[in-house]
Structure formats: C-alpha cells, structure tokens
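Listed below are the residues making up each chain.
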Amino acid sequence: MGKKLTKKNLVLDGVAVSPGIAIGLAFLLHHDELQVEEEEILPDQVASEVEKFKRAVQQTKEELRSIRRRVSRDMGEEQARIFDVQLLMLDDVMAFDETISAIQDRKRNAEFLFWENLNTAIAAIEASDHAFFRERAADIKDLGRRVLHNLLGIKHLTISGIRSEVVVVSPDLSPTDTIMMHRKNILGFATDMGGRTSHAAIMARSLEIPSVVGLRDATSRVEHGETIILDGNKGTLVIAPDEKLLEHYRAEQRKYLQWSSDLAALRDLPAHTLDHQAIQLHANIEFPDETDSALSHGATGIGLYRTEFLYLSRTDLPGEEEQFKAYKSVAEKMIPNPVTIRTFDLGGDKFSMYLKGYTEANPFLGQRAIRLCLQHPDIFKVQLAAILRASAAGNMKIIFPMISGIEQLRQAKEILGSVQEDLRARGVPIDPDIPVGVMIEIPSAVLVADSLAREVDFFSIGTNDLIQYTLAVDRGNEQVAELFDAFHPAVLKLIKQVVEAGQRAQIPVAICGEMCAEPMATVLLLGLGFDEFSMSSVSIPQIKKIIRSVNMEEARAVALHAIELETGRQIKAYLKEQIGNLHPDFLTADMT
C-alpha cells in the first residue's frame, strides 16, 4: 500500500519485476469504468437497435484484425496469432445471441443489455480461485469494453493506440497487452495485481521494460497524463514528484544506464569463477525471435524454450511442419550451443478449445503438462516429431514438464521411442542420441529423484512451480504473493536433494525459473552445486558479473550456512549481506 510523504511525492510500494527507472506521463489503461444507463426503446426501434449492436461487433472485429496485421508485420506471425483467439472469443464468449434476444424481448437499449449479460458471465469466471480463469475474465472484459465503446461511439484507450512516450498503469495486463508492449514508446508499466512469476512480469524482463506489479491501488491513485516515476529496481511508484525528486531519479536513471552499459561489456567474457569453474548461462525464450536477444546478452545456450504460445495464440492446433520450422530456426541460430525444448506445459483449462466439453475444477492440480500429453498421445506425437526432425539441424535436447514419478517418465519415453522409430522408417534424419531430461517441479519428483536420474540424461529444476507446489501458494495470486518465498528453507532443502541425486547419477542438473535470475541467489546456487543457470536474457550479464567475482570455496561456505538458517527472512538477509560485500552497487529485488 502507499505511504504519503507530502501532498505531492506519493510513494506506492509494490514488487520489482524488471529493473530500470522510467520517468514519464501516466497512461491509465482499462480503468474507464463506464456508466451504462437502462433505456426503454419502442417496438419500431428494435430492428435498428439490433443493427447498431451488430455494427459495433463488426467494428470491434475490424479493430482486432488491424492490430493483428500490425503485430504480424512488426513482431512476427506467432505473436499475432493471439488475436485469432481474441476474435474467436468475440464469436463464442461475448453473449451476442443473448443480447440480441434480450433487445427483442425486453425492448431495452443494446449497450445496457450487452453489459448486463457480459458482467454476469464475467462474475462467474472471476469467482474462480484459479489465476488462469481470472486472466480469461480480464481478456473477456477487455473485449467487452471494446464493443461497448463502439456502441457508445467513445474512443477506447489501448496500448496499440499509444503515440507518445508513457508509463502504462493498469489493474493487470492480459497476454494481448503484454504482446503490444513491444513498442519504443512504452517506458515502463505498473499494475495493481501480479507477482514476479506472472506472465506480464516475465514478458517485461524479456522486453527489458522497467516494471513494478502488485501495487494494489495504483490505478485509483494515478491520474491519466500526470507525471510518475517507476523504479523497477526497488519496486516503487512515485506519483506527482516535485522537481527535487525528479532530479534525484534522473541521476539514478543515468547511474543505472551506465551500470547496464558496464555489464554489457561482459557479453563475450566467459562465466568463470575466480578459481576457473566454468558455468553455463543459458536463456529462457518463448518465441524464436528471442534467440537474437539471448545471443546479444551472452547466452551460451537456450535452457528453456517454452512452446505453449504455439498452442495458445491461435484457434487451431499447430501442425508438425509449422512446429518443425519454429524449432529448427532456433536450433540453427544457436549452433553449436544447446537448445532445450520443453514439451508443451498446458492444462486442460487452457486446452479446452481443442478438447470439446472438457472442464476441470482445479486445473493446476489436474490434467496439466505431461499428464495431458499422455492422455492425448496424438497431439503429443506431432510435437515430438517436429522436435526430432529439428534435432538434425542443431544441438537439441527434449525435456518433459511436471513429471511426478517414474511411471510417467517411462510412458513419455515410450511414446518418444515410437515416434523415433516411425521417423527412421520414413528415412527422416534425426539426432539418434538426442538427450532427454525432466523438469523437477513437484515435491514427489524430488523424493524419487534417484530413480528418475537413472533413466534420463539431465535434470532442470523449475523453481517457479517447485515453490508453488511445495508451499501451496498460487504463484499468480497477488493475495498470497508474500507467501511465495524462493528462499524458504524447505525449498532450498528440496533443491539440494535434487543436485545431490544428479551428482550420484553423474548427470548435469540445471536450474531455471526466476530464482536463478536473482543476484542475491547466485552465490547460494553456485555453492549448492549448479553449473548451469537458465534465465531471462536480460538477467545474464549481472549474474555473470557475480560469478566472475567469487570462488567456489566461498560459494560452498555461503550455501552451507544459508541452508542451516530457519526462516526465509534470515536467509535473504544473510544473502543480501553477502552480495553487498561483493558488489555494494548491485541491484537486488526483494524476492518474496
């Protein structure tokens, strides 16, 4: 919550998710709560009211198609496909038939009946405990606003319409919003909701946009067009700063830019500790065109290629050829460095457009990731075939997400083996020795890690989900964000067990997720025995700087001490002290 220092200079505290300082005018997004009045219409006005409603829907479709064309031109077809889903929602979710029937039966104005029907649907979705459903409610509400603005003839504020440099302030950002963030005039963004591992936060780091989330009431405090300061290093938003404070932050901004420039000079230097222990720094990506950013920040491989957007940002299933081209393009750009492709990590809730009639009360504990793949091997085999074909073009690995035990792993490997045999029979070139690994994200996988290690070539610990499932905290729920603690002693003990299981089996253990991009975690993770980190590309230089400033004996001593402490608060305080001794000027977010 905010803390008022003076009549001006109002400071709101949130969660820092992407570093940097943005100073500019506020662009208040999605906060125009329109008042729609109920009006009776005459019987001879019904036909024209229905026609007015249909025109507004058609206008909304044309707007979305225009945005889609612009995104396809500027960012690529993959990112543009999310607007196909938006268009599908317009046809399937927006209560149009109900609105037309209500106009005819109740003889009321279109905007009132449409908004009434839509809010009923939104309320049912928002009542869900699950972050994914809440995100869909935000998407539907955004589409509803577009239709309503067109009904009323009011200009609708959107990111696509921004023409000057601004700092975006919004209750939350949908996937559509975050894709549109790829614009030069977006200086930064702030949201009321969200945490460090939300989609918007991950996208912000990928795009290198200063960002703060979890501000709770920023949209009710900020006025559209007023000057604000967004500090993505400390996680604060300053409203209406006076000239003295503006000068202070301009100096901080210059200091940060210089600091970033100094880090960029490390790009081509190896990530070696002082005693010459080599560490691999890999990048996490979602789209093939992020490969360029990974290379420009000094990544020595792709440690996690998330493939979900090939499925989510469209209205049909991606075919083998389309997937093959996407995977192959990344593999070729990264030669000779490795590319680890994660098979799709979707839940039945997200995949319902393909699985007709499918509903699930608790998708985060249901048919998600490898479970869904094993239930639908026809879809799974298409992706595996595309990956295997692409493996002939570069140094590729396959990793299965959300493995909970040995039986699942064996089933997945059996399906993989059948696809390999089929491709060989067709004379299709593949890498016959493509490494196969598992994501360690569930406590049960930690407890049977020795068994899993005997049947795979490598492990990768997905800290985001491991923390979520260990602490029973929905990582997308801002109401419990303070409980999502990467440094909880139980989490660190589980991580240590996985590393030790990998060492016993003599297989490499990598770590991905937001934890390994946090500077104050770096020495701890080195000391626990990791020699491969995978993170957002933008985080690689600062992690490299720390690695090059410490020796392994020191790191092991830090890890040994930290893991004996009793609380996450104690561990963070200790690690902050250690990184402060190495680099007093280093930027460390207060990770929850």
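That block above? That's the structure.
Participant: Looking at this structure, how should I read helix α22 (residues 540-547)?
Facilitator: Since the α-helix packs 3.6 residues into each turn, any two residues three or four apart lie on the same face. In terms of burial, α22 is a largely internal element, seven of the eight residues being buried. Among all positions in α22, only I540, P541, Q542, I543, K544, I546 and I547 are buried. On its buried side, α22 packs onto α10 (243-264), β10 (280-285), α21 (519-528), β17 (532-535) and α24 (568-582).

Participant: Where do I start with the packing of aromatic side chains in this structure?
Facilitator: Applying the stated rule across the entire model yields five aromatic pairs. Aromatic pair F53 and F114: ring centres 5.7 Å apart, planes at 50°, arrangement tilted. With F53 in helix α1 (residues 46-75) and F114 in helix α5 (residues 110-126), the pair connects residues that are 61 residues apart, well separated along the chain. Like F114, F53 is buried. A network of ring pairs unites the aromatic residues F53, F114 and W115 as a single cluster.

Participant: Honestly, the pattern of salt bridges in this entry has me stumped. Any pointers?
Facilitator: Side chains carrying opposite charge are able to pair once their charged atoms draw close together. By the definition in use, this model includes 20 salt bridges. Here R250 and E243 are joined by a salt bridge, their closest N and O atoms 3.0 Å apart. Taking the relative accessible area as the measure of exposure, R250 reaches 28% and is therefore partly exposed. A residue is classified by how much of its surface remains accessible, and E243, at 48% relative accessible area, is partly exposed. Residues D485 and K572 are paired through a salt bridge, measuring 3.9 Å at the closest nitrogen-oxygen approach. Here the residue D485 occupies a position in the loop between α19 (463-471) and α20 (489-505), and K572 occupies one in helix α24, the gap between them amounting to 87 residues.

Participant: How should unusual backbone geometry be read in this particular structure?
Facilitator: For residues besides glycine, phi is generally negative; the peptide bonds are generally trans as well. Look at the link from I335 to P336: it is a cis peptide, with omega at 5°. For P336, the position within the fold is in the loop between α13 (320-334) and β12 (338-342).

Participant: Looking at this structure, how should I read the packing of α21 against α22?
Facilitator: Each pair of packed helices can be described by the angle between their axes along with the distance between the axes. At a minimum axis separation of 9 Å, α21 and α22 run at an interaxial angle of 50°. In terms of orientation, α21 and α22 fall into the oblique class. Considering only the axes of α21 and α22, their crossing is right-handed. Counting all contacts with α21, which are made through P519, T522, V523 and L526, the residues of α22 involved are Q542, I543, I546 and I547. Partitioning the contact of α21 with α22 into residue classes produces six nonpolar, two polar and no charged.

Participant: Help me out: how do you make sense of the nonpolar core in this one?
Facilitator: Generally speaking, nonpolar side chains in soluble globular proteins are found buried as a group. If you look at the biggest cluster of nonpolar residues, it comprises 103 residues, and the most contacted ones within it are Y327, F400, F459, F530 and F533. Take this core: its biggest share by element is eight residues, from helix α15 (residues 377-390). Among all residues touching F400, those that are not within four sequence positions of it are T343, I370, F380, L384, L409, A412, K413, L416, V436, G437, V438 and M439.

Participant: What's the story with the state of the cysteines in this structure? I'm lost.
Facilitator: Going through the model one piece at a time under the given rule, you end up with zero disulfides. For the unlinked cysteine C512, the closest cysteine sulfur is that of C516, found at 6.8 Å. Among the residues examined, C512 registers a relative accessible area of 2% and is labelled buried.

What counts, and at which threshold
Residues numbered from 1 in each chain as written. Predicted model: local features only at pLDDT ≥ 70, side-chain atom pairs only at ≥ 80, totals over all residues. Heavy atoms only, no water. Buried < 20%, exposed > 50% of the residue type's maximum accessible area, 1.4 Å probe, protein only. Helix = DSSP H or I, 4+ residues; strand = E, 2+ residues; numbered from the N terminus. Contact = heavy atoms within 4.5 Å. Phe/Tyr/Trp six-rings, centres within 6.5 Å; stacked < 30°, edge-to-face > 60°. Salt bridge = Lys/Arg side-chain N within 4 Å of Asp/Glu carboxyl O. Axes fitted to C-alpha atoms, helices over the stretch in contact; angles between N-to-C directions. Parallel < 35°, antiparallel > 145°, perpendicular 65-115°, else oblique. Left-handed = near helix turned anticlockwise from the far one by under 90°. Nonpolar A, V, L, I, M, F, W, Y, C, P; charged D, E, K, R; others polar. Core = buried A, V, L, I, M, F, W, Y, C linked by side-chain atoms within 4.5 Å. Disulfide = S-S within 2.5 Å.

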